[in-house]
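Now for the letters of each chain:
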Amino acid sequence: MATEIHRDAWGIPHLRADSATELARAQGLVTARDRAWQLEVERHRAQGTSAAFLGGSALDWDVLVRRARLDDTAERCFARLEGEDPETARWVSAYVDGVNAGLAEAAGTAPEFARARLTPGRWRPWTPLGVWLATHLLFAGFPAKLWREQVAAHLGADAIGLFATDGPGTSGSNGWLVGGERTVTGQAVIAGDPHRWIEDPGVYQQIHLSCPEFDVVGLAVPGVPGIAHFGHTGTVAWAITNAMADYQDLYRERLRRSGAGIEALDPDGVWRRAARHTEVVEVSGEEPVEVEVIETARGPVVIGGPEGIDGDPVDGGSPGSPGSPGNPDSPGTGNPGTPASPGNGSPGNPDSPGTGNPASPAGPGNGSPGNPASPDSPGGLVCPPLAISLRYPPRTTADLGFGALLPLLRSRRVHDVDRALDRWAEPVNVVLAADTEGGVLHRVAGRVPLRAEAGRLRVVPAWEPGHDWRGWHGAPRAGLTHGVAVMANQRGPAEPLGVEFAPPHRHDRIAALLAGRERWSAADLPALHTDTHLASASALLDHVRALTGLSADAAALRDRLLGWDRRMDADSADAALYAAVRGAVVRRLAAHPAFDALRTPPAYPGVFQPWLALLPRVGFALEHLLRAEELFGVDRPAAVRAAVEEVALRPPAGVWGDTHRLAPWRALPPETPYGEPGLAGDHDCVLCTSAVPGLTDQASRGPAARYVWDLARREDSRWVVPFGASGVPGTPHHRDQLPLWLGGELVPVVTDWALLTKEADV
C-alpha cells in the first residue's frame, strides 16, 4: 500500500506505511508540514547557528553549543550507529529525508520564516541526534555544580544541603502505574504528565505510527524519529520521568598556550596538547563573534580558557578550594547574560533577575600559563586563569542510545521494553511499563559514570588524579507497593545515581490519592493530574502560626492563612495571599547580609546564570531554609513577621490565577500577543505549574503533555498537550487543546482507522 497520512478530529497525525523505514520518512514529512518553524529552530540550536536569525539573545546558547561540540558529537554518534546498527541509521536517515521533503513547502505556511527572513536549510543524517543532544544538554543540571562551589566557598560545604532541592528547570514530572489487581478491568493503567518548559509549538507531538511490524501511539519529540518517552503498542505501554541522575562532570583545567596550540595539565603531571580551533558565530544585527573551541582529555572547555573569562589574565578562586570557579567577591557590574531558551533544557526563566556580569578581579600574581599558581599555594596565591571543561557520556562513547528506539516500537511485552532500555543513554530516566499479560517494570534507564564522590558534587581539578570515569552504574530497579508505583523525581530507585532530587510532596500526594480507592479505571485517573494541594506550605505556615503581637490587619491575614485549605486553585484568593507572603519572605531572606557573597555570581556565560541567581535558589529551597536548625544568624521569625505585615498593608487584589499565568517560550514572540490564561497549581503540587517565588508568579514550566495508557483497551487511553497538533499560528489545531489542558480534560486516543480522515498518500 502507499504510505498514508490520516488525521483525527484534533488534527493529530496517524501514519500507515509498508515498512518501518517508509513510516519514518512519513513521520519526518508530517512533522515538517505541521511544525516547520519549530524544526528549523531546533536544527539551528543544535548547530549553534540560531543567533544568525534570532539575534543576540541566542548568542550565549550558540557559543555553548559550539564550545561543547554538540554538532560534532551528533555526527560521531551517527557514524558509530552506521557502523554498529545500520538498520537504525537507515531509519533515522529516512526520517531526515521526510523532513527535507516537507520543509520548503511548509515554510511558506509558517509566518515566522518571513518575519525572521529565514530560508529552510537541509537536515543532515545526524541532525535528529543533534536535536536530542541540544534538548537535553542542560537537563542533568551540571551548572548546579557551579552553584555548589559558590555556596561552599562562602558559607561552607555543610551549607550546600540547605539549598539542595531540584534545580531550576529539571523536575516536576509525575507518573504512576496502577497494577491490574487495583483496576476495575484487571489490566494495568499508566498515567502521568511530563513537566518541562511550556513551548509554542509544544515539545511533544501526539502521533500514531503503524506498519506491519508495529502499531504504536505516543508522544514524539519533534525532530526525532519514533516514540522515545511515552508509548503504547497495544500490548505494552511505557512512560518516564527524569531520574535526577548526575552524569556530567565539570573539571577545572590548567591550560597554557604553546606555539600555535594549547596544552592542558593532565593528572600524571604531563602537559599535553589540547584540540583547538576557532569558529565564527553569526549574529543578526550585530558583528560576528569568534569562538575558540578547546577540548582536553576530559572534554570540551565550556567556560573560560587559557586567559580566563573574556581574556582576563587571572581569575581568582577561594584559597584552598581548587575547584572554586572565579572570584565570587568581585564587584557585580555589567549586563546580565541571556539564558538559553527553556525549550532545550535551560532553567532560564524569561523573567529571571539581573544576575550581573561581575568583573574578574585584578591584581598581581603568578598566573602565567607556564607556571600556574596553585589555589592552595602558600600565601594564598591566585588560581590559574579560569577554564572549566565538561565531560558528558555521548562525547566519550559516541553513543546517544538511538539503538533503543526501534526496539521500543517493536516491543510486545515488558521484557522487550526492558531489553530495549538497556541500550538507552541519556537523559537518564525512571521508567514504568506494563503489558497485557500482567508484566510490570519499574527501573532506571541511562548511562551514569562510576567516579569519585567529589565529581558528582562539585567542579574538580583536572590536574589531580582520582577524578576519572571507571565504568557505568548498573540499572537500579524497584517494584510496586500495594499494587502501585509512583515516580515524581523524588529519591527512589535512582537515589544512588543523583545528588539533588525533588521534595517528596508530589510523590506522597499521588500515593495517598491512589491509596484512597481500592479499584481504579482509566477514566478516574485524570483527576490526579490537576490536584492542587501544596504540602510544602507547612514550613511557612508553621512560622506564621507562631506569630503574636501583629497589627490588626496582619493578625487577620495570619488567621486567614491558617484557615486556608492549602490548595493552589486558580480562583483562590487565599492562595494568592499565601503566594504573596511567600514571595515577601523569599525576598527578605535573599537580601540578608549572610548571603551577600552569593548575590553577585561569577562572570560565567549567561547561559549558566539562572543556576547561580540567589533569589530563585532561596525560593526553591524555602522549605529547607525555614526548617533548618540554624541559618547563619538570619532571624527567620522576624522575616516572616515583616512579610505578613507587608502583605497585610498591600494585599493582592484578586485570585491566584490573576498573576499565576501561563508564560510559554517562543523563539519569536507573536505579532499579536495571546491573552494567556491563569493557572492553578504550584511548584510542589501534583499540578506542577512552576513560578519563581519572590520573583514572578508567571509560570513558564508545567505539564508539557498528559496521558493515560489503558492496557485493557488502548482506545480507552487519553492524552492532551498544552496547545495543539499544529505549530502554525492561526490554523484550527494550533491552540484547540488549550481549553481542555486548562480544565484537566484529555482527548481520546483513536486507533480505529475507520474513524480517521485520510489526508493524503505520500
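Just so it is clear, the structure is predicted and the values come from calculations on it, not from any experiment.

1. Topic: the overall build of the protein
Scanning the protein from terminus to terminus reveals 24 helices and 26 strands. When contacts within the protein are restricted to residue pairs at least 6 apart in sequence, long-range pairs at least 24 apart make up 72% of them. In the structure as shown, the protein presents an accessible area of about 25,400 Å², 50% of it carried by carbon and sulfur atoms.

2. Re the packing of aromatic side chains
Across all of its chains, the model carries 14 aromatic pairs by this definition. Both rings, one in Tyr204 and one in Phe230, keep their centres 5.5 Å apart while their planes meet at 85°; by these two values the pair is edge-to-face. One end of the pair, Tyr204, is in the loop between strand E5 (195–197) and strand E6 (205–211); the other, Phe230, is in strand E8 (residues 230–232), and 26 residues separate them in sequence. Tyr204 sits in the buried class, given a relative accessible area of 2%. Residue classification places Phe230 among the buried residues on the basis of a relative accessible area of 0%. An angle of 75° between the planes, with centres 6.5 Å apart, marks the rings of Phe595 and Phe632 as edge-to-face. Here the residue Phe595 occupies a position in the loop between helix H17 (573–590) and helix H18 (596–599), and Phe632 occupies one in the loop between helix H21 (622–627) and helix H22 (636–649), the gap between them amounting to 37 residues. Relative accessible area serves as the criterion here: at 1%, Phe595 is assigned to the buried category. One aromatic cluster is present, formed by Tyr204, Phe230, Tyr707, Trp709 and Trp719 through successive ring pairs. Its guanidinium or amino end placed over the ring of Trp472, Arg447 lies 5.6 Å from that ring's centre, counting from NZ or CZ.

3. Quick notes on the pattern of salt bridges
Inspection of every chain in the model, using the stated rule, returns 58 salt bridges. Of the charged contacts in the structure, one is a salt bridge between Arg458 and Glu149, with a shortest N-O distance of 2.7 Å. Here the residue Arg458 occupies a position in the loop between helix H12 (453–457) and strand E19 (460–461), and Glu149 occupies one in helix H8 (residues 144–155), the gap between them amounting to 309 residues. Glu149 sits in the buried class, given a relative accessible area of 1%. Here the salt bridges do not stand alone but share partners, grouping Arg69, Asp72, Arg76, Glu295 and Arg395 into one network.

4. Considerations on the sheet that holds strand E12 (residues 261–265)
Read across the sheet, four strands follow the order E11-E12-E13-E14 without closing on themselves; strand pairing throughout is antiparallel. On the outer flanks of this sheet lie strand E11 (255–258) and strand E14 (289–295), each paired with one strand and no other. Across the sheet, the mean angle separating the axes of adjacent strands is 35° when strand polarity is ignored. Helix H3 (residues 59–68) rests against strand E13 (271–281) and E14 of the sheet, and its axis sits at about 35° to E14.

5. Quick notes on the pairing of strand E3 (residues 174–178)
Along E3, five of the five residues are buried, which leaves the element largely enclosed by surrounding structure. Relative to strand E4 (residues 189–193), E3 runs antiparallel, the two sharing five bridges. Within E4, the residue paired with Gly175 across the bridge is Gly192. Relative to strand E20 (residues 484–487), E3 runs antiparallel, the two being bridged by four bridges. Residue pairing in the sheet places Gly175 in a bridge with Met487 of E20.

6. Let's talk about the packing of helix H1 (residues 20–47) against H3
The contact between H1 and H3 brings their axes to 7 Å, and the two run at 55°. Relative to H3, the element H1 lies oblique. Judged by residue contacts, His44, Arg45, Ala46 and Gln47 of H1 engage Trp61, Asp62, Val65 and Arg66 from H3. A breakdown of the residues in the contact of H1 with H3 according to their chemical character gives three nonpolar, two polar and three charged.

7. Some thoughts on the environment of Glu715
The topology assignment puts Glu715 in the loop between strand E23 (706–710) and strand E24 (718–720). If near-sequence neighbours (up to four positions away) are discounted, Glu715 is found in contact with Val749 and Thr751.

8. A word on unusual backbone geometry
At the junction of Asp200 and Pro201, the peptide bond is cis and its omega measures out at 0° in the coordinates. Cis peptide bonds are those with omega within 30 degrees of zero, and the linkage from Glu426 to Pro427 qualifies with 0°. Considering the arrangement of structural elements, one finds Pro427 in the loop between helix H11 (414–421) and strand E17 (429–435). Residue Arg69 is not a glycine yet carries a positive backbone phi of 65°.

9. Section: the confidence of the model for the protein
Averaged over the protein, the pLDDT score is 90; the fraction of residues at 70 or greater is 90%. Low pLDDT (under 50) marks residues 311–381, which in the prediction has 179 contacts with non-local residues, meaning those over four places away or in another chain.

10. Comments concerning helix H15 (residues 538–545)
Among the eight residues that make up H15, six are buried, leaving the element largely enclosed by the rest of the structure. When we look at burial in H15, the residues that qualify are Ser538, Ala539, Leu540, Leu541, His543 and Val544. The secondary structure elements touched by the buried residues of H15 are helix H16 (552–563), H17, H21 and H22.

11. Focus: the packing of helix H4 (residues 70–84) against helix H7 (residues 127–136)
Contact geometry for H4 and H7: axes closest at 8 Å, N-to-C directions at 130°. The angle between the axes of H4 and H7 places the two elements in the oblique class. Here H4 runs over H7; the crossing is right-handed. Two secondary-structure elements touch here, H4 through Leu70, Thr73, Ala74, Cys77 and Phe78 and H7 through Leu129, Gly130, Leu133 and Ala134. Broken down by class, the residue content of the contact of H4 with H7 amounts to seven nonpolar, two polar and no charged.

12. Things to note about the sheet that holds strand E10 (residues 249–252)
Read across the open sheet, the four strands follow the order E15-E16-E10-E19; overall the sheet is mixed. Of all the strands in the sheet, the pair left with one neighbour each is strand E15 (301–304) and E19. Summarising the sheet, E15 and strand E16 (residues 387–391) pair through three bridges and their orientation is antiparallel. By the bridge assignment, Val301 is partnered in E16 with Ser389.

13. Considering the nonpolar core
Trp37, Phe163 and Leu514 are the most contacted members of the largest nonpolar core, which totals 219 residues. Excluding residues that lie within four positions of it along the chain, Trp37 makes contacts with Phe53, Ala110, Glu112, Phe113, Ala116, Leu118, Ala667 and Leu668. Formed by seven residues, the second largest nonpolar core is a distinct cluster that contains Ile262, Ala274, Ile294 and Val301.

14. Observations regarding the side chain of Arg7
Relative to the elements of secondary structure, Arg7 occurs in strand E1 (residues 4–7). Here Glu759 takes part through its side chain, which lies 3.0 Å from a polar atom of the side chain of Arg7. Beyond its immediate chain neighbours, meaning those up to four positions away, Arg7 contacts Ile12, Pro13, His14, Val30, Asp34, Leu756, Thr757 and Glu759.

15. Overview of H16
Between its first and last C-alpha atoms H16 spans 17 Å; for twelve residues at 1.5 Å apiece the expected length is 16 Å, and the two agree. By the burial criterion, the buried members of H16 are Ala554, Ala555, Leu557, Arg558 and Leu561. Summarising the axial view, the buried residues of H16 lie within an arc of 160°, below the 170-degree limit, and thus occupy one face. Among the exposed residues of H16, those oriented more than 90 degrees off its buried face are Ala552, Asp553 and Gly563. Contacts from the buried residues of H16 go to H15, H17 and H22.

16. Observations regarding the state of the cysteines
By definition, a disulfide links the sulfur atoms of two cysteines through a covalent bond. Counting across every chain of the model gives zero disulfides. For the unlinked cysteine Cys685, the closest cysteine sulfur is that of Cys688, found at 7.8 Å. A residue is classified by how much of its surface remains accessible, and Cys688, at 1% relative accessible area, is buried.

Calculation rules
- Residues numbered from 1 in each chain as written.
- Predicted model: local features only at pLDDT ≥ 70, side-chain atom pairs only at ≥ 80, totals over all residues.
- Heavy atoms only, no water.
- Helix = DSSP H or I, 4+ residues; strand = E, 2+ residues; numbered from the N terminus.
- Contact = heavy atoms within 4.5 Å.
- Areas by Shrake-Rupley, 256 points an atom, 1.4 Å probe, with all protein chains shown as cover.
- Phe/Tyr/Trp six-rings, centres within 6.5 Å; stacked < 30°, edge-to-face > 60°.
- Buried < 20%, exposed > 50% of the residue type's maximum accessible area, 1.4 Å probe, protein only.
- Lys NZ or Arg CZ within 6 Å of the ring centre and 35° of its normal.
- Salt bridge = Lys/Arg side-chain N within 4 Å of Asp/Glu carboxyl O.
- Pairing = 2+ DSSP bridges.
- Axes fitted to C-alpha atoms, helices over the stretch in contact; angles between N-to-C directions.
- Parallel < 35°, antiparallel > 145°, perpendicular 65-115°, else oblique.
- Nonpolar A, V, L, I, M, F, W, Y, C, P; charged D, E, K, R; others polar.
- pLDDT = per-residue confidence, 0-100.
- Left-handed = near helix turned anticlockwise from the far one by under 90°.
- Core = buried A, V, L, I, M, F, W, Y, C linked by side-chain atoms within 4.5 Å.
- Polar contact = N/O pair within 3.5 Å; in protein donor to acceptor, adjacent residues only side chain to side chain.
- Expected span 1.5 Å × (residues − 1).
- Arc of directions from axis to C-beta.
- Disulfide = S-S within 2.5 Å.

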